[in-house]
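Structural characterization, general
In case you want the letters, here they are:
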Amino acid sequence: MHDRTIQLQLGIGAILAAAFLLLVAIPVWVSSPSNVPNIILSPLFWPWALAGLTGLTGLGMLLIAIREPAPTEPEISDVVDKPRAWGRLASIAAVMIATMLIMPLIGMVWTSMLVFAVTAFLVRTSHPKTALISAVLVPLVLYAFFAHVAGVAIPQGDFVRLP
């Protein structure tokens with residue numbers, strides 16, 4: 001499958017998902033009290049923002065795919081070693097199972113750090129230092145925002161507690 005075809009499919013899928021979220025899912029299933037003092041803390045803000053970004057991303061992918069010239073060469077399969085591909089799929093499944101088993105013990109933040117790092121190296125990232133820095137900083141920043149700014153309780157583990 002060519003990049004143009006993939007971008008067309010992903011763009012259309014993202015636009016459809018955003019339309020479903022904006023027109024059906026958020027209005028029907030997300031409720032918000034009328035007395036929320038800050039819009040960022042409203043239960044409606046982030047679903048609307050993420051759905052809008054999903055739609056914009058899909059539109060961008062669609063526009064790029066339309067502007068890209070049609071491929072002239074025949075399609076060549078990307079997967080040449082199917083046993084290794086199945087092995088990577090099984091590894092990701094094992095990471096998901098391990099995530100569910102260790103999250104109650106060490107908490108959501110530490111588990112997220114470990115899963116991010118393991119997944120980055122499992123897919124053989126070309127930027128290992130950036131992946132490690134992101135694996136630590138992204139969960140910590142999200143924890144700081146939700147726990148200390150938004151006042152949302154983040155699940156902590158039995159062994160290590162964050163302030």
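Our structure is the block above this text.
First, a word on what this report is: a plain description of the structure on this page. Only a predicted model underlies this, so the values are computations on that prediction, with no experimental measurement involved. (Residues numbered from 1 in each chain as written. Predicted model: local features only at pLDDT ≥ 70, side-chain atom pairs only at ≥ 80, totals over all residues. Heavy atoms only, no water.)

Moving on, we get to the packing of helix 1 (residues 3–29) against helix 2 (residues 45–67). A pair of packed helices can be characterised by two numbers: the angle between their axes and the separation between those axes. It is the contact of helix 1 with helix 2, at a shortest axis distance of 7 Å, that shows an interaxial angle of 155°. As summarised for this structure, helix 1 and helix 2 are arranged roughly antiparallel, according to the angle between their axes. Handedness of the crossing formed by helix 1 with helix 2: left-handed. Looking at the contact of helix 1 with helix 2 residue by residue, the classes come out as 18 nonpolar, six polar and one charged. (Axes fitted to C-alpha atoms, helices over the stretch in contact; angles between N-to-C directions. Helix = DSSP H or I, 4+ residues; strand = E, 2+ residues; numbered from the N terminus. Parallel < 35°, antiparallel > 145°, perpendicular 65-115°, else oblique. Left-handed = near helix turned anticlockwise from the far one by under 90°. Nonpolar A, V, L, I, M, F, W, Y, C, P; charged D, E, K, R; others polar.)

Attention shifts here to the packing of aromatic side chains. Per the counting criterion, the structure on display carries three aromatic pairs. For the ring pair Phe20 and Trp29, a centre distance of 6.5 Å and an interplane angle of 50° mean the geometry is tilted. Note on Phe20: relative accessible area 44%, which makes it partly exposed. For Trp29, a relative accessible area of 61% translates into the label exposed. (Phe/Tyr/Trp six-rings, centres within 6.5 Å; stacked < 30°, edge-to-face > 60°. Buried < 20%, exposed > 50% of the residue type's maximum accessible area, 1.4 Å probe, protein only.)

What follows is about helix 5 (residues 128–149). Its 22 residues give helix 5 an end-to-end C-alpha distance of 31 Å, which sits within 8% of 32 Å, the value for a rise of 1.5 Å per residue. If you look at helix 5, its biggest bend is around 25°, right at Ser134. Those residues of helix 5 that sit buried are Ala131, Ala135, Pro139 and Tyr143. Tucked into the core, helix 5 has its buried residues touching helix 4 (108–122). (Expected span 1.5 Å × (residues − 1). Bend = angle between axes of the 7 residues up to and from the residue. Contact = heavy atoms within 4.5 Å.)

Just geometry here; none of it tells us what the structure is for.
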